[in-house]
Amino acid sequence: MTKLLEWLLGVSLISMAWGLVTFDLLDLQLPPQYRELAWPIPVYLLVAFGCYSLTTVGYRVATFNDCEDAAKELQSQIKEAKEDLKKKGLKM
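Residues numbered from 1 in each chain as written. Predicted model: local features only at pLDDT ≥ 70, side-chain atom pairs only at ≥ 80, totals over all residues. Heavy atoms only, no water.

Q: It is not clear to me how a negative patch on the surface should be interpreted in this structure. Could you clarify?
A: Taken together, the side chains of Asp66, Glu68, Asp69 and Glu73 define an acidic patch exposed on the protein surface. Along the polypeptide, Asp66 turns up in the loop between α3 (41-62) and α4 (68-87). (Patch = residues over 30% accessible without salt bridge, like charges linked within 9 Å, V, L, I, M, F, W, Y side chains within 5 Å. Areas by Shrake-Rupley, 256 points an atom, 1.4 Å probe, with all protein chains shown as cover. Salt bridge = Lys/Arg side-chain N within 4 Å of Asp/Glu carboxyl O. Lys, Arg positive; Asp, Glu negative; His and termini not counted. Charge placed at Lys NZ, Arg CZ, Asp CG, Glu CD. Helix = DSSP H or I, 4+ residues; strand = E, 2+ residues; numbered from the N terminus.)

Printed below as a string of structure tokens:
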């Protein structure tokens, strides 16, 4: 199962449970306090997902590995390319 299918399954299950509680589709006769509590749950989940996403991105940026060897190799290749282009008559 791909990550997309896992997320879609989770969101659909939560949405179904939210709809059942909020709109009382199964005639569960829940107290009105439960229905009032269920209305803002999607907003809370959206805010929680945003916080999780920001934390994940921040952590990945903070622990990003530098590749010094690859950077040196790339700089030398750029230098070689510039010299080759100068030999061919390109002015930079």
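Q: I tried to follow the pattern of salt bridges on my own but got confused; where do I start?
A: Side chains that differ in sign of charge can pair as their charged atoms come close. Applying the stated rule across the entire model yields 2 salt bridges. Where Glu6 meets Lys3, a salt bridge forms, and the shortest distance between an N and an O atom there is 3.5 Å. Here Glu6 and its partner Lys3 are both found in helix α1 (residues 3-23), 3 residues apart, which amounts to about one turn of the helix. For Lys3, a relative accessible area of 57% corresponds to the exposed category. In this structure, the salt-bridge partner of Lys88 is Asp84, at a minimum N-O distance of 3.7 Å. (Buried < 20%, exposed > 50% of the residue type's maximum accessible area, 1.4 Å probe, protein only.)

Q: In this structure, what is going on with the layout of surface pockets? I would like to understand it.
A: The rolling of a water-molecule-sized probe over the atoms marks out the regions of remaining empty space. Taken as a whole, the largest pocket holds about 320 Å³ of empty space. Every residue lining the largest pocket is listed: Trp7, Gly10, Val11, Ile14, Ser15, Trp18, Ile41, Pro42, Leu45, Leu46 and Phe49. Elements with a minimum of two residues in the lining of the largest pocket: α1 and α3. Among the elements that take part in the lining of the largest pocket, α1 stands out by supplying 6 residues, more than any other. Looking at the lining of the largest pocket residue by residue, the class counts come to 9 nonpolar, 2 polar and no charged. A domain-level breakdown of the lining of the largest pocket finds at least three residues from each of domain 1 (1-30) and domain 2 (41-91). (1 Å grid on protein atoms, 1.4 Å probe; cavity = no way out; pocket = protein on both sides within 12 Å on 5 of 7 lines; lining within 4 Å. Points joined across faces, edges and corners; volume = space filled by probe spheres on them. Nonpolar A, V, L, I, M, F, W, Y, C, P; charged D, E, K, R; others polar. Domains from an automatic or database assignment.)

That's the geometry; what it means functionally is another story.
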